[in-house]
Amino acid sequence: MSEILTLVTNSMKNDLRSGNQYVVGLALTAAGNIGSPEMMRNLAPEIDRRMRDRNPYIRKKAALCALRVVHKVPELAEDFYERVGTLINDRNHGVFINGVALVSRVVTDPELEDLASNFKTISVAKKMVKRLETLVRSGYQPEYDVAGITDPFLQVAILRLLRYLGQNDSELSEVMSDILAQVATNTDGNKNTANAILYECVSTWCFSSRINLSMCHKNITRVAHSYRKKSNTTRL
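Residues numbered from 1 in each chain as written. Predicted model: local features only at pLDDT ≥ 70, side-chain atom pairs only at ≥ 80, totals over all residues. Heavy atoms only, no water.

Asks: Give a detailed account of a negative patch on the surface, specifying residues and quantitative values.
Replies: Together, Glu 78, Asp 79, Glu 113 and Asp 114 line one region of the surface with negative charge. Secondary-structure elements contributing two or more residues to the negative patch are helix 5 (77-87) and helix 7 (113-116). Positionally, Glu 78 belongs in helix 5. For Glu 78, a relative accessible area of 59% translates into the label exposed. (Patch = residues over 30% accessible without salt bridge, like charges linked within 9 Å, V, L, I, M, F, W, Y side chains within 5 Å. Areas by Shrake-Rupley, 256 points an atom, 1.4 Å probe, with all protein chains shown as cover. Salt bridge = Lys/Arg side-chain N within 4 Å of Asp/Glu carboxyl O. Lys, Arg positive; Asp, Glu negative; His and termini not counted. Charge placed at Lys NZ, Arg CZ, Asp CG, Glu CD. Helix = DSSP H or I, 4+ residues; strand = E, 2+ residues; numbered from the N terminus. Buried < 20%, exposed > 50% of the residue type's maximum accessible area, 1.4 Å probe, protein only.)

Below, the structure written as structure tokens:
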């Protein structure tokens, strides 16, 4: 059995060094989905190298693979630490959203508490706030639009990370307070997609160290009213 694993690992290493982006992408997908802990330890340097690739498609695949590696073998997060910072600065949508997911994984894992402190900083919180502000203010983007809401998946991912960052930290909570109010005010609660965003927004307030109770109550009421309205419409 060990010989087969060695053969598979070496085969994946060769594919990860390929010049064909689709071969590399398939190898990263396979490593993230079927890789054993031992295999992931051996492939970690190659995955880290691909997270620095010039091709955004490969960076995106490598970031997603790293997320699954950290899920299975948490201690390997230290191998990707330097690279994670570049992921959340990346302009590519796929790379960025996977970078946000990877940071969220690190800051919520009790085994990675020491490493998580490197991400629970004002600079990281401000980066997330700035990206969220861009989404809220941006106009119609057909590529990422869902039922009239701009990129709800990324908005939810950022709000969830802000919630993790703001827990038990009044300084970080203060950084995100204005954008939470802005998101809650500008999001149309009459749409199911928007309610997912409002839910994360309210959850972030509730777990924040500095809660704006009036704004929190206002938006909980909005969500509840929206659901009641839709329920009555469905019955009719």
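Asks: Tell me about the layout of surface pockets, and name the residues and values.
Replies: Its volume calculated, the largest pocket comes out at about 250 Å³. As for the largest pocket, its lining consists of 13 residues, and the residues nearest its centre are Val 107, Ala 116, Lys 120, Tyr 164 and Gln 167. The set of elements that each furnish at least two residues to the lining of the largest pocket consists of helix 6 (93-108), helix 7 and helix 9 (152-166). Taken together, the residues of the lining of the largest pocket sort by class into 5 nonpolar, 4 polar and 4 charged. The volume enclosed by the second largest pocket comes to roughly 200 Å³. As for the second largest pocket, its lining consists of 13 residues, and the residues nearest its centre are Val 136, Ile 149, Thr 150, Gln 155 and Asn 186. Counting only elements with at least two residues in the lining of the second largest pocket, the list comes to helix 8 (122-137), strand 2 (149-150) and helix 10 (170-186). Class assignment of the residues belonging to the lining of the second largest pocket gives a composition of 5 nonpolar, 6 polar and 2 charged. (1 Å grid on protein atoms, 1.4 Å probe; cavity = no way out; pocket = protein on both sides within 12 Å on 5 of 7 lines; lining within 4 Å. Points joined across faces, edges and corners; volume = space filled by probe spheres on them. Nonpolar A, V, L, I, M, F, W, Y, C, P; charged D, E, K, R; others polar.)

Asks: I'd like to hear about helix 5, residue by residue, with values.
Replies: Buried residues of helix 5: Ala 77, Phe 80, Arg 83, Val 84 and Leu 87, and no others. The buried residues of helix 5 all sit within an arc of 120° when viewed along its axis, so they share a single face. When the buried face of helix 5 is taken as reference, the exposed residues oriented beyond 90 degrees from it are Glu 78 and Glu 82. For helix 5, the secondary structure elements touched by its buried residues are helix 3 (37-50), helix 4 (56-72), helix 6 and helix 7. (Arc of directions from axis to C-beta. Contact = heavy atoms within 4.5 Å.)

Asks: Residues and numbers for the nonpolar core, please.
Replies: In summary, soluble globular proteins display a tendency toward joint burial of nonpolar side chains. Ranked by size, the top nonpolar core spans 66 residues in total, and within it Ile 47 and Phe 80 carry the most contacts. Each residue touching Phe 80, except ones within four places of it in the same chain, is listed here: Ala 44, Ile 47, Asp 48, Met 51, Ala 66, Val 69 and Val 70. (Core = buried A, V, L, I, M, F, W, Y, C linked by side-chain atoms within 4.5 Å.)

Asks: Residues and numbers for the packing of helix 3 against helix 4, please.
Replies: The interhelical angle for the contact between helix 3 and helix 4, taken along N-to-C directions, is 150°, at an axis separation of 9 Å. The angle between helix 3 and helix 4 places the two elements in the roughly antiparallel class. By crossing handedness, the relation of helix 3 to helix 4 is classed as left-handed. Residues Met 40, Ile 47 and Arg 50 of helix 3 lie in contact with helix 4, whose contacting residues are Ile 58, Arg 59, Ala 62, Cys 65, Ala 66, Arg 68, Val 69 and Lys 72. (Axes fitted to C-alpha atoms, helices over the stretch in contact; angles between N-to-C directions. Parallel < 35°, antiparallel > 145°, perpendicular 65-115°, else oblique. Left-handed = near helix turned anticlockwise from the far one by under 90°.)

Asks: Please provide a residue-by-residue account of the side chain of Thr 9, values included.
Replies: Tracing the sequence through the fold places Thr 9 in helix 1 (residues 2-16). Setting aside residues up to four positions removed in sequence, Thr 9 forms contacts with Met 39, Asn 42 and Leu 43.

Asks: Pulling in residues and values, what's your account of the environment of Val 84?
Replies: In this fold, Val 84 is placed in helix 5. Its relative accessible area of 3% is what places Val 84 among the buried residues.

Asks: I'd like a description of the packing of helix 2 (residues 21-34) against helix 4, backed by residues and values.
Replies: Remark: helix 2 packs on helix 4, axes separated minimally by 8 Å, with the N-to-C direction vectors making an angle of 15°. Taken together, the axes of helix 2 and helix 4 lie roughly parallel to each other. Here helix 2 runs over helix 4; the crossing is left-handed. Only Tyr 57, Ile 58, Lys 61, Ala 62, Cys 65, Arg 68 and Lys 72 of helix 4 make contact with helix 2, whose side of the interface consists of Gln 21, Tyr 22, Val 24, Gly 25, Leu 28, Thr 29, Ala 31, Gly 32, Asn 33 and Ile 34. Split into classes, the residues belonging to the contact of helix 2 with helix 4 amount to 9 nonpolar, 5 polar and 3 charged.

Asks: Describe the environment of Pro 152, with residues and values.
Replies: Along the chain, the position of Pro 152 falls in helix 9. Residues Pro 152 and Thr 193, spaced 41 residues apart in sequence, show a C-alpha to C-alpha distance of 6.9 Å. The contact partners of Pro 152, leaving out residues within four places of it in the chain, are Tyr 144, Val 146, Thr 193 and Ile 197.

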